[in-house]
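Chain and residue survey
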Amino acid sequence: ELKVEQNPLFLSMQEGKNYTIYCNYSTTSDRLYWYRQDPGKSLESLFVLLSNGAVKQEGRLMASLDTKARLSTLHITAAVHDLSATYFCAGNNNAGNMLTFGGGTRLMVKP
Amino acid sequence: NAGVTQTPKFQVLKTGQSMTLQCAQDMNHEYMSWYRQDPGMGLRLIHYSVGAGITDQGEVPNGYNVSRSTTEDFPLRLLSAAPSQTSVYFCASSSWGQGRNQPQHFGDGTRLSIL
């Protein structure tokens, strides 16, 4: 059974600072997803990571995947207030599209 | 540009009542799923479907039924509502087969309270 753990669960940071969110998973996962959720809103897809060593970047966010360590990271560069949200990682079990989500990281970026 | 549409957006029920949460997608996606999100937690899979006439259980299926008579629609039924089913429910869809590496698209959610 796939288990996904994120840390930290809560992150308060100043604008302009860098930080990394970690996503560990317990067993083999074909794909690793990152989603963003604003309060009271739906989930928005950020990245899909398909293979070991995959790195994807969009603006101030960069995601990477290390399948050997069963670890994905979401790195935030020079944070801005608009990045305040909850970020989820999710892995799929090998039966198909069933996703197992981590508990989420609530990010607050202070001016 | 509808994507995944969920209705209703909010609902309050009394314990023991039944109701159906509706989900429709217009992207011709084979895969559809229902999740629940509880405060401070990630999403947990309730049921999923890989095509019309095919459904299966996820992590937390008890108390819920689903059916898939068309590609577009995937309703979730609460048979006898219990306070433990108070949650936010999300429907999602995605491609299947060769397209299954694409991310799942989520609806806006249904906020359900059981009194």
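Everything that follows concerns the structure shown earlier in this document.
Residues numbered from 1 in each chain as written. Chains lettered and ligands numbered in written order. Predicted model: local features only at pLDDT ≥ 70, side-chain atom pairs only at ≥ 80, totals over all residues. Heavy atoms only, no water.

The next point concerns the overall build of chain B. Scanning chain B from terminus to terminus reveals 0 helices and 11 strands. Start at the N end of chain B and walk to the C end: the helices and strands fall as β-β-β-β-β-β-β-β-β-β-β. The C-alpha atoms of chain B give 13 Å as radius of gyration, which agrees with the globular expectation for 115 residues (13 Å, within 12%). Reported as C-alpha extents along the three principal axes, the dimensions of chain B are approximately 45 × 30 × 25 Å. Taking all 115 residues of chain B together, 46% fall into the buried category. (Helix = DSSP H or I, 4+ residues; strand = E, 2+ residues; numbered from the N terminus. Rg over C-alpha atoms; globule rule 2.2 N^0.38 Å. Buried < 20%, exposed > 50% of the residue type's maximum accessible area, 1.4 Å probe, protein only.)

Quick look at the packing of aromatic side chains now. Counting across every chain of the model gives 10 aromatic pairs over all chains. Geometrically, the ring pair formed by F101 of chain A and F106 of chain B is edge-to-face, given 6.3 Å between the ring centres and 75 degrees between the ring planes. With F101 of chain A in strand β10 (residues 99-101) and F106 of chain B in strand β10 (residues 105-106), this pair bridges two chains. Here the two residues F101 of chain A and F106 of chain B agree in accessibility, since each one is buried. Pairing Y35 of chain B with F106 of chain B gives two aromatic rings, centres 5.7 Å apart and planes at 40 degrees, and the pair type is tilted. On the criterion of sequence distance, the pair formed by Y35 of chain B in strand β4 (residues 31-37) and F106 of chain B in strand β10 is long-range, its members being 71 residues apart. On the basis of relative accessibility, which here comes to 0%, the residue Y35 of chain B falls in the buried class. An aromatic cluster is built from Y33, Y35, F88 and F101 of chain A together with Y35, F90 and F106 of chain B, whose rings are joined through pairwise contacts. (Phe/Tyr/Trp six-rings, centres within 6.5 Å; stacked < 30°, edge-to-face > 60°.)

What follows covers the pattern of salt bridges. Between side chains of opposite charge, a pair can form when the charged atoms approach closely. Enumeration according to the criterion identifies 5 salt bridges over all chains in this entry. E1 of chain A is the partner of K3 of chain A in a salt bridge, and the nearest nitrogen-oxygen pair spans 3.8 Å. Across the pair R36 of chain A and D38 of chain A runs a salt bridge, and its minimum N-O distance is 2.9 Å. What makes D38 of chain A partly exposed here is its relative accessible area of 26%. Among the ionic contacts, a cluster of salt bridges with common partners joins R36, D38 and R44 of chain B. (Salt bridge = Lys/Arg side-chain N within 4 Å of Asp/Glu carboxyl O.)

Further remarks concern the interface of chain B and chain A. Across the contact, 24 residues belong to chain B and 21 residues belong to chain A. Taking both sides of the interface into account, the surface hidden between chain B and chain A amounts to around 1700 Å²; carbon and sulfur atoms contribute 52%. If you look at where chain B meets chain A, you find 0 salt bridges. At the junction of chain B with chain A, the criterion picks out 5 residue pairs in polar contact (both at pLDDT 80 or more). Going through the elements one at a time, β4, β5 (43-51) and β9 (87-94) of chain B are the ones with two or more residues in the side of chain B that touches chain A. Here the residues of the side of chain B that touches chain A are counted per class, giving 10 nonpolar, 11 polar and 3 charged. (Contact = heavy atoms within 4.5 Å. Buried area = accessible area lost by both parts, 1.4 Å probe. Polar contact = N/O pair within 3.5 Å; in protein donor to acceptor, adjacent residues only side chain to side chain. Nonpolar A, V, L, I, M, F, W, Y, C, P; charged D, E, K, R; others polar.)

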